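# Descriptive structure summary
Chain by chain, the residues:
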Amino acid sequence: MSTQKTFLYDVALFRNKLLKRTWAVISLFVVFVSYNSLQVPQAGRMQFFTIFIPLLALFFWFLRKNYLKQIEILSSGKIEIDGGSLKQFDSNGNCATIRIKGLEQIVTDKFRGYDRIVLETKEKIHPIVNIGNQDELVTFLEKETGLKRITDLTEDRLWNIKTPIYFLPSILVLIVTYIPAVKEKFPILSNEFLGLFFNVNLIIYLLYLPEKQNHTISQFSLKRRMIFISLVVFFFQVYIQLDKSGWLKN
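Computed from a prediction, not measured in an experiment: that's the story for all the values here.

Next up on the list: the sheet that holds strand S3 (residues 85-89). Strand order in this open sheet of 4 strands is S1-S2-S3-S4, and the pairing throughout is antiparallel. Only two strands of the sheet have a single partner each, and these edge strands are strand S1 (4-8) and strand S4 (95-99). Going from strand to strand, the sheet's axes swing by 15° on average, the running direction of each strand aside. Sheet analysis places S3 next to S4, joined by 5 bridges and oriented antiparallel. Within the sheet, the bridge partner assigned to Gln 88 lies in S4 and is Ala 96. Relative to S1, helix H3 (residues 134-145) is tilted by about 145°, and along the sheet it contacts S1, strand S2 (78-82) and S3.

Let us look at the packing of aromatic side chains. Counting across every chain of the model gives 6 aromatic pairs. When the centroid spacing of 5.4 Å and the interplanar angle of 50° are considered together, the rings of Tyr 166 and Tyr 205 count as tilted. A residue pair is termed long-range when its members are at least 10 positions apart, and Tyr 166 in helix H4 (residues 163-166) and Tyr 205 in helix H7 (residues 191-208) qualify at 39 residues. Given the relative accessible area of 8%, Tyr 205 is considered buried. Plain terms: the ring middles of Phe 234 and Phe 235 are 5.5 Å apart, the flat faces sit at 65° to each other, and that makes the pair edge-to-face. For Phe 234, a relative accessible area of 23% corresponds to the partly exposed category. Among the aromatic residues, those joined into a ring-pair cluster are Tyr 166, Phe 167, Phe 198 and Tyr 205. The side chain of Lys 17 reaches across the aromatic face of Tyr 114, ending 5.6 Å from its centre. Above the plane of the ring of Phe 89 lies Lys 78, whose end atom (NZ or CZ) is 5.4 Å from the centre.

On to the pairing of strand S6 (residues 114-120), then. The two faces of a sheet get side chains in turn, since along a regular strand they alternate between them. Among the 7 residues that make up S6, 5 are buried, leaving the element largely enclosed by the rest of the structure. As paired strands, strand S5 (residues 105-111) and S6 are joined by 7 bridges and run antiparallel to one another. From the neighbouring strand, Ile 106 faces S6, where its bridge partner is Leu 119. Hairpin connection from S5 to S6: 2 residues lie between these consecutive antiparallel strands, with Arg 112 at a positive phi of about 55°. Bridging between S6 and strand S7 (residues 125-129) involves 5 bridges; their strand directions are antiparallel. Residue pairing for S7: Leu 119 is matched across the bridge by His 126. Count of turn residues in the S6/S7 antiparallel hairpin: 4 residues.

This next bit is on the pattern of salt bridges. Per the counting criterion, the structure on display carries 7 salt bridges. Between Asp 135 and Arg 149 there is a salt bridge; the shortest N-O distance is 2.9 Å. Here the residue Asp 135 occupies a position in helix H3, and Arg 149 occupies one in the loop between H3 and strand S8 (150-151), the gap between them amounting to 14 residues. The class for Arg 149 is partly exposed, based on a relative accessible area of 27%.

Alignment of S1 against S2, held across 5 bridges, turns out to be antiparallel. Its bridge partner lying in S2, Gln 4 is registered against Asp 82. Hairpin connection of S2 to S3: 2 residues between the antiparallel strands, including Gly 83 at a positive phi of 65°.

Through backbone hydrogen bonds, the strands of a sheet pair up, either in parallel or in antiparallel fashion. On the basis of which strands lie adjacent, the open sheet formed by 4 strands has the order S7-S6-S5-S8 and mixed pairing. The open sheet has two edge strands, S7 and S8, and neither has a second partner.

The rules behind these values
- Residues numbered from 1 in each chain as written.
- Predicted model: local features only at pLDDT ≥ 70, side-chain atom pairs only at ≥ 80, totals over all residues.
- Heavy atoms only, no water.
- Pairing = 2+ DSSP bridges.
- Helix = DSSP H or I, 4+ residues; strand = E, 2+ residues; numbered from the N terminus.
- Axes fitted to C-alpha atoms, helices over the stretch in contact; angles between N-to-C directions.
- Contact = heavy atoms within 4.5 Å.
- Phe/Tyr/Trp six-rings, centres within 6.5 Å; stacked < 30°, edge-to-face > 60°.
- Buried < 20%, exposed > 50% of the residue type's maximum accessible area, 1.4 Å probe, protein only.
- Lys NZ or Arg CZ within 6 Å of the ring centre and 35° of its normal.
- Salt bridge = Lys/Arg side-chain N within 4 Å of Asp/Glu carboxyl O.

Spelled out as structure tokens, the structure:
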């Protein structure tokens, strides 16, 4: 087999999705800072902004650097078919080589909204995410190995049609918070309590959310990062409430 083929990653699709995610994160952070500034007493508001405005600038700088770096990494990568080998190059020129005849399984699925191929050999599992002309590559591998692709239709997106069901408790709390008769009987109901309750609901949802293996570095998964951010917000919300109640001063 002397076939030589090159497959590049779909940079345009990745850039579009990454840009949307980046602006979503920035928007959430701005909303978080704006909302919590209103919970701080007027006298301490300037100190609050003195802390968070530089942090916000640092956050923007980090996201921009991360955005450009990820685009550069993907643009420099490629997949090459050379003879009987499949070579996966990264942005540093490093190459992971897979002997095509050694493939034992070919799985196609969706991973974080991207098309993915998972190639399994006896020694290792090799994921290929967001490659251009994926169907052409899979068809070629099927022809050369005699294997048939396995299509995994399991959904791993953070948001789908069933997601609102998991947030019904927060929706119910939102409704009763703005019913005067109920709010009068339960003084604890407030915008601050709603925000705290929603965040706890979100943390519980993330803990039980199924997540596909990325077959690379699982400790830095999107799910774990979101749980960490939610916990940071939770502790800050608790701190604000304790400070407003005077408990910290006592």
